[in-house]
Amino acid sequence: MSDKADDFAPSRRQFLAGAAATGVGAAAVAAGQVAQAATPDPLITEVQDWASGLGDGVDATPYGLPIQFEQDVVRRNVEWLTADTISSINFTPIHALDGTITPQGCAFERHHSGAIELRKEDYRLMINGLVDTPLVFSYADLERFPRENRVYFCECAANSGMEWAGAQLNGAQFTHGMIHNMEYSGVSLRSLLQEAGLGAAGDFKDKWVYVEGADASSNGRSIPLEKALDDVLVAFKANGEALRKEHGYPVRLVVPGWEGNMWIKWLRRIEVMDGPVESREETSKYTDTMADGSARKWTWEMDAKSVVTSPSPQSPITHGTGPLVITGLAWSGRGAITGVDVSVDGGKNWSKARLGAPGVDKALTRFYLDINWDGSEMLLQSRARDSSGYVQPTKTELRAVRGLNSIYHNNAIQTWWVKADGEAENVEVS
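Numbering of residues starts from 1 in every chain and runs along the sequence as written. pLDDT decides what is reported in this predicted model: residues at 70 or higher carry local features, side-chain atom pairs at 80 or more are listed and counted, and totals for whole chains, interfaces and linings draw on all residues regardless. Heavy atoms throughout the structure, all of them, feed into the side-chain values; hydrogens and water do not.

**Thoughts on the packing of aromatic side chains**
Note on aromatic pairs: the rings of Phe, Tyr and Trp (six-membered ring only in Trp) are paired at centre separations within 6.5 Å, and the planes decide the class, stacked below 30 degrees, edge-to-face beyond 60, tilted for the rest. Tallied over the entire structure, the rule returns 9 aromatic pairs. Each ring, one from Phe137 and one from Phe145, has its centre 5.8 Å from the other, and the planes form 75°; the classification is edge-to-face. Per residue, the accessibility class of Phe137 equals that of Phe145, and both read buried. Centre to centre, the rings of Trp208 and Trp300 are 6.0 Å apart; their planes meet at 70°, and the pair counts as edge-to-face. You can see Trp208 sitting in strand S7 (residues 208-213) and its partner Trp300 sitting in the loop between strand S14 (295-296) and strand S15 (305-310), a full 92 residues away along the chain. Exposure class is identical for Trp208 and Trp300. Each is buried. Exposure classes here rest on a 1.4 Å probe applied to the protein chains alone. A residue is buried below 20% of its type maximum, exposed above 50%, and partly exposed in between. Numbering of helices and strands starts at the N terminus; helices are DSSP runs of H or I of at least 4 residues and strands are runs of E of at least 2.

The structure is reproduced here in structure tokens:
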């Protein structure tokens, strides 16, 4: 593997020493300006308003909110994607975030009949079907079971779906923002099923559970019992606090590594069954249309995928030439991310990116590549590898198998064309 990007490797010590020697302030460096050594910076030499008086007291915002200077870091929808926002989706601003944990307040939403309000005191969860003792749990009942805390990503199966036939949406938030990564707290579904008893199910082979929510859409999905007994959580907290209304308060299902439609919100019933229900959400939707018109189903797992979040169309280069941090996210529903490569020339040459932390099973991984940008145009790409040995494919490779008719499970390599002025655009290369 060529390391052409190493040609851009920055010498930050040299860069910073040069800035100090010439008296270039931080603001001037950021703007690519040249300053005289004797030019004073009023942000250093003059007392500013914020240092001249008292700030807010500790009770000014009982529940903390983002500062006004970050008001653009919000979820956004695409109006023409759906007829109404009641049954629609919005997108996480992944271009403006760093690290891996997504704040609940800007984690993407997907609703089929709108986000409902359901009090904890009114919450009930039924387990029935092929169980020894059908049970109904209250919220307080769930809190008494052994607790688990796990970090997982949740990705809509349609994430990047608009990009199947060509470059469509100009921004990482819109091409890849149907994803979030949070620490969920709750109880294992296995514990609840064992409490009800599975003797009546007999041989677990070919047994399923059907899970449904309390909202008006009656959104329900079939899950193999083997998965239900493995790592599925019945969650009531995210990132340490109660679930938000739009994320299924007070209780939702967490199905690690599998498509988000199976993460049923406002979870109300789990039925153990002899086979799948073949519901609307697993027949008319959430199947993959192949080139010959046939549809494949039960493609639950989300394959390894990555995207450069900055520079990108919503996060252009504004500081001019010099040291540049290329960063992005990688994830896999089949295991942990083991490595990410980044290309600045459309996939001709690749450089190994630095992972922000070792990959975690079925969770987002942050990657970085530090270069010294000389102002040349770039065709930025990232390519993820996971612990199963799988390597993220190009669009050409994916289309050779799936054709152009699909919507779901597009995990192809994304390309950003970064221009000499630092602006970026969604493009395809061949």
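**Section: helix H8 (residues 395-402)**
Turning to H8, its buried residues are Lys395, Leu398 and Arg402. End-on, the buried residues of H8 take up no more than an arc of 65°, which puts them together on one face. Turned more than 90 degrees off the buried face of H8, the exposed positions are Thr396, Ala400 and Val401. Whether two residues touch is decided by their heavy atoms; if any such pair falls within 4.5 Å, the residues are in contact. Looking at the buried positions of H8, the neighbouring elements they touch are strand S13 (288-289) and S14. Summarising the geometry, the arc corresponds to the directions from the helix axis toward the C-beta atoms.

**Examining the sheet that holds strand S16 (residues 322-331)**
Overall, antiparallel pairing links the 4 strands, which are arranged S15-S16-S20-S19 in an open sheet. The open sheet terminates on both sides in strands that have one partner only, identified here as S15 and strand S19 (354-355). At least two bridges found by DSSP between two strands are what make those strands a pair. As paired strands, S19 and strand S20 (residues 365-373) are joined by 2 bridges and run antiparallel to one another. Opposite Leu355, over in S20, you have Phe367 as the bridge partner.

**So, the pattern of salt bridges**
Two side chains of opposite charge can pair, provided their charged atoms sit close to one another. Salt bridges, as used here, are contacts in which a Lys or Arg side-chain nitrogen is within 4 Å of a carboxyl oxygen on Asp or Glu. One pass over the full model with this rule turns up 29 salt bridges. One salt bridge in this structure joins Glu259 and Arg221, with 2.9 Å as the shortest N-O distance. A residue pair is termed long-range when its members are at least 10 positions apart, and Glu259 in the loop between strand S11 (252-254) and strand S12 (267-273) and Arg221 in strand S8 (residues 220-224) qualify at 38 residues. Notably, a salt bridge pairs Arg334 with Asp303, separated by 2.6 Å at the nearest N-O pair. Here Arg334 is found in the loop between S16 and strand S17 (337-343), whereas its partner Asp303 is found in the loop between S14 and S15, with 31 residues between them in sequence. One network of salt bridges, with partners in common, ties together Glu212, Arg268, Arg269 and Glu271.

**A look at the environment of Gly202**
The topology assignment puts Gly202 in the loop between helix H6 (189-196) and S7. The exposure class of Gly202 is partly exposed, given its relative accessible area of 42%. Expressed as a C-alpha distance, the spacing of Gly202 and Val136, which sit 66 residues apart in the sequence, is 22 Å.

**What about the side chain of Arg366?**
With respect to the helices and strands, Arg366 occurs in strand S20. Whenever two N or O atoms come within 3.5 Å, that pair is a polar contact, provided that in protein one can donate a hydrogen and the other can accept it, and provided that, for residues adjacent in sequence, both atoms are side-chain atoms. Within polar-contact distance, the side chain of Arg366 engages the backbone oxygen of Leu97 at 3.2 Å. Here Gly99 takes part through its backbone oxygen, which lies 2.9 Å from a polar atom of the side chain of Arg366. Among residues more than four places away in sequence, those in contact with Arg366 are Leu97, Asp98, Gly99, Thr100, Thr309, Thr327, Gly328, Leu329, Arg354, Leu355 and Gly356.

**Some remarks on the sheet that holds strand S18 (residues 351-352)**
Spatial strand order, S18-S17-S21-S22-S23: 5 strands in an open sheet with antiparallel pairing. Across the chains shown, the open sheet's two edge strands, defined by having one partner strand only, are S18 and strand S23 (424-427). Both strand S22 (residues 415-418) and S23 contribute to a ladder of 4 bridges, which runs antiparallel. Paired with Trp416 across the bridge in S23 is Asn426.

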